[in-house]
Structures are given as structure tokens and as C-alpha cells.
Amino acid sequence: MAFLHAVSTGKSATKSVLKSRSLTPYLLLAPGLIWLVTFFIIPIFSLGSTSTMVRPDGAQIGVYVQELRFANYVDAFIANQDQYIRSFVYAGLATILALLIAYPLAYAIAFKAGKYRNILLVLVIAPFFTSFLLRTIAWTQILADSGPVVSAIKVLPFVDELFRINNTSTAVVIGLAYNFLPFMTLPLYASLERIDPRTLEAAGDLYANGLTTFRKVTLPLSMPGLVAGTLLTFIPAAGDYVNAAILGNPGTKMIGNVIESRFFAVVDYPTAAALSFTLMATILILVTVYIRRSGTDELV
């Protein structure tokens, strides 16, 4: 009897252990799922509901009722199509500029930095230790009419004395590229750093010059980092409003500025919500097409 009792107790203990192990993944996921549902899923549904509301005649500002008016999306886009298109143009230009700066930088850190690699990586992320807002305000001084950049450019004989960068679309693109440059550099570095140097040596043994080695070996192997970097730069840049507000002018407003104004100044919640959803949908479509065409479907 004692033996049977011991066997029964052992089986019960084994079942208990297996049950606890099966629940462990769900317990580990629970905090993240709660956070996701509370601060993403519920707000998304709330935003979607707000986007189809209307303001009743004679109602106070900020008072809206649900009437499922999907025409809000069409009206919002037509009224703000210039800012909408401008946002993607600026984000695209900033992404290209950041890529042109980040790729040589990441390449140098991965293959040429040697013992200084960690120091250079710290310098890449060092701007994150300063407020995004302060970094952007600093560029108003760097690009000021009497600042070092404009003063140096005005030395050129073909540049007009009235030349300026601050409060222009150029300043907005520069600010976007600078603020999101680490998001481009770090994924590129991660991909380049994983490339086996022997692969590059093998290309040289096959009589490939430096340019051919880069085009046929280095660039294809770094594509996952390139795609990730461009996405991490383009997506936040398209929705940004700080750079356009500080470095731009009324003619360089982006869709983020319109959404911010509609939410907090005009108190037109349905239009702001409709623009937000339209922006998210457009970015999702562009990202999906870009990933498919770049041949890195595993990143989706």
C-alpha cells in the first residue's frame, strides 16, 4: 500500500510540474499582453470610434456623437492633402539622407574601427541622452542666418546674401535625418558586423575589386539591416511634427502638425482621428510593399 501511495503521489507531483511548465509561457506573456491591450488595442478602437463621430448642431466645442460618418476620412484627406503628401516626401528625403550618412559610418565602425568600435557606438547613441526637443532646438542655432553652416555657404561666390536654411523645408529634412540617424545606423551596423570577413576575402581571391565586392557581397548581406534601418527612420519621420514646428514655417507643415493642432487647438477630434488612421494605413501599405519588393519578407 505504501508503494502504491508513493507511486500515486509521484504521478500527481509530475502532473503538477508539467501543468506549471505549460502555464509558464502564458504567465511570462501576461504583462506584455496587458500592456498591449491597455495602451494600444483599446486606444486604437477608441480612435476608430472617434473618427466616425460628428458634432451636433449647436453643441459645444468638443462634444461629438457617434453617427458612423465614414465621409470624415474623405473630407479630412481632401482638406489636408498637401500636408499629407508633404509628410511622405520629407520622410523619404530624410530617410535617403540618413542612409547616405549612416551606411559609410556603420561600415567604418564594423570593419575599420578596431579597438575604437565601442567608443564610436556610444557616440552614435549619445544624442539619445539629450531631449528630442532640445536637439531640434539646437539645430535652429546651427542653421541660423548667422550660424556656422550658412556663413560658410555664403562664402561661395554664387550664393546670394539672402540665402537661408532655417525655417525652410531643407531645415526640416535635415532635422528629421539627424534625429533619426541612430535608428538607421544601428541596424546597418548589426548586419555588417555579422558578415564573415572571410567572405570578403574570398571575393578578392576571385579577382573582384572593392566596388564589385561591395555590390555583389557586402550590400546584399547587409540588406536586412538596410531595410530595418529605412523602416525605423521613415515610419517615425512621416508622423513627426516637432521638426516641422521648430525648423519649418507655416508652408512646411506636415500631417503630424495638423493632427496635433486638430486634437489640442481646434478640438476637432473626428478629423484628427481620421487623419491618424489614414496615416497608419498608408504607412502600413507602403511598408508591406517595400518589404515585399526588397526581398526580405521574413522581416514582416
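The coordinates are above.
A few points on the structure. (Residues numbered from 1 in each chain as written. Predicted model: local features only at pLDDT ≥ 70, side-chain atom pairs only at ≥ 80, totals over all residues. Heavy atoms only, no water.)

1. A short note on the packing of aromatic side chains
Following the criterion strictly, the structure yields 13 aromatic pairs and no others. Centre to centre, the rings of Tyr 84 and Phe 88 are 5.4 Å apart; their planes meet at 65°, and the pair counts as edge-to-face. Of this pair, Tyr 84 and Phe 88 both sit in helix 3 (residues 81-111), 4 residues apart, roughly one helical turn. With respect to burial, Tyr 84 and Phe 88 carry one shared label: buried. Here Phe 263 and Tyr 269 contribute two aromatic rings whose centre-to-centre distance is 6.0 Å and whose plane-to-plane angle is 40°, an arrangement assigned as tilted. (Phe/Tyr/Trp six-rings, centres within 6.5 Å; stacked < 30°, edge-to-face > 60°. Helix = DSSP H or I, 4+ residues; strand = E, 2+ residues; numbered from the N terminus. Buried < 20%, exposed > 50% of the residue type's maximum accessible area, 1.4 Å probe, protein only.)

2. Comments concerning a nonpolar patch on the surface
Together, Leu 29, Leu 33, Leu 36, Val 37, Phe 40, Ile 41, Ile 42 and Phe 45 make up an exposed nonpolar region whose accessible area comes to about 760 Å². Of note, Phe 40 is situated in helix 1 (residues 2-50). The exposure class assigned to Phe 40 is partly exposed, which follows from its relative accessible area of 44%. (Patch = residues over 30% accessible without salt bridge, like charges linked within 9 Å, V, L, I, M, F, W, Y side chains within 5 Å. Areas by Shrake-Rupley, 256 points an atom, 1.4 Å probe, with all protein chains shown as cover. Salt bridge = Lys/Arg side-chain N within 4 Å of Asp/Glu carboxyl O.)

3. Regarding the pattern of salt bridges
In this structure the tally under the stated criterion is 5 salt bridges. Put simply, Glu 193 and Arg 117 hold a salt bridge, and the shortest N to O gap is 3.8 Å. In this pair, Glu 193 sits in helix 8 (residues 181-193) while Arg 117 sits in helix 4 (residues 117-125), placing the two residues 76 residues apart along the sequence. Judged by its relative accessible area of 24%, Arg 117 falls in the partly exposed class. A salt bridge links Arg 198 to Asp 196; the shortest N-O distance between them is 2.8 Å. Of the residues examined, Arg 198 reaches a relative accessible area of 61% and is grouped as exposed. A relative accessible area of 27% places Asp 196 in the partly exposed class.

4. With respect to the nonpolar core
In terms of nonpolar packing, the biggest core is built from 49 residues, with Phe 88, Val 172, Leu 176, Leu 188 and Ile 255 touching the most fellow members. Of all the elements in the fold, those that place two or more residues in this core are helix 3, helix 4, helix 7 (169-179), helix 8, helix 11 (223-239), helix 12 (242-247), helix 13 (255-264) and helix 14 (269-294). For this core, the element with the highest residue contribution is helix 3, accounting for 11 residues. Setting aside chain neighbours within four positions, we find Leu 188 in contact with Leu 99, Ala 102, Tyr 103, Ala 106, Ser 222, Gly 225 and Leu 226. (Core = buried A, V, L, I, M, F, W, Y, C linked by side-chain atoms within 4.5 Å. Contact = heavy atoms within 4.5 Å.)

5. Considerations on the side chain of Thr 252
Structurally, the position occupied by Thr 252 is in the loop between helix 12 and helix 13. In terms of polar contacts, Thr 252 uses its side chain to reach the backbone amide nitrogen of Asn 249, at 2.8 Å. Discounting chain neighbours no more than four positions away, the residues touching Thr 252 are Arg 86, Tyr 90, Thr 168, Ser 169, Val 172 and Ala 244. (Polar contact = N/O pair within 3.5 Å; in protein donor to acceptor, adjacent residues only side chain to side chain.)

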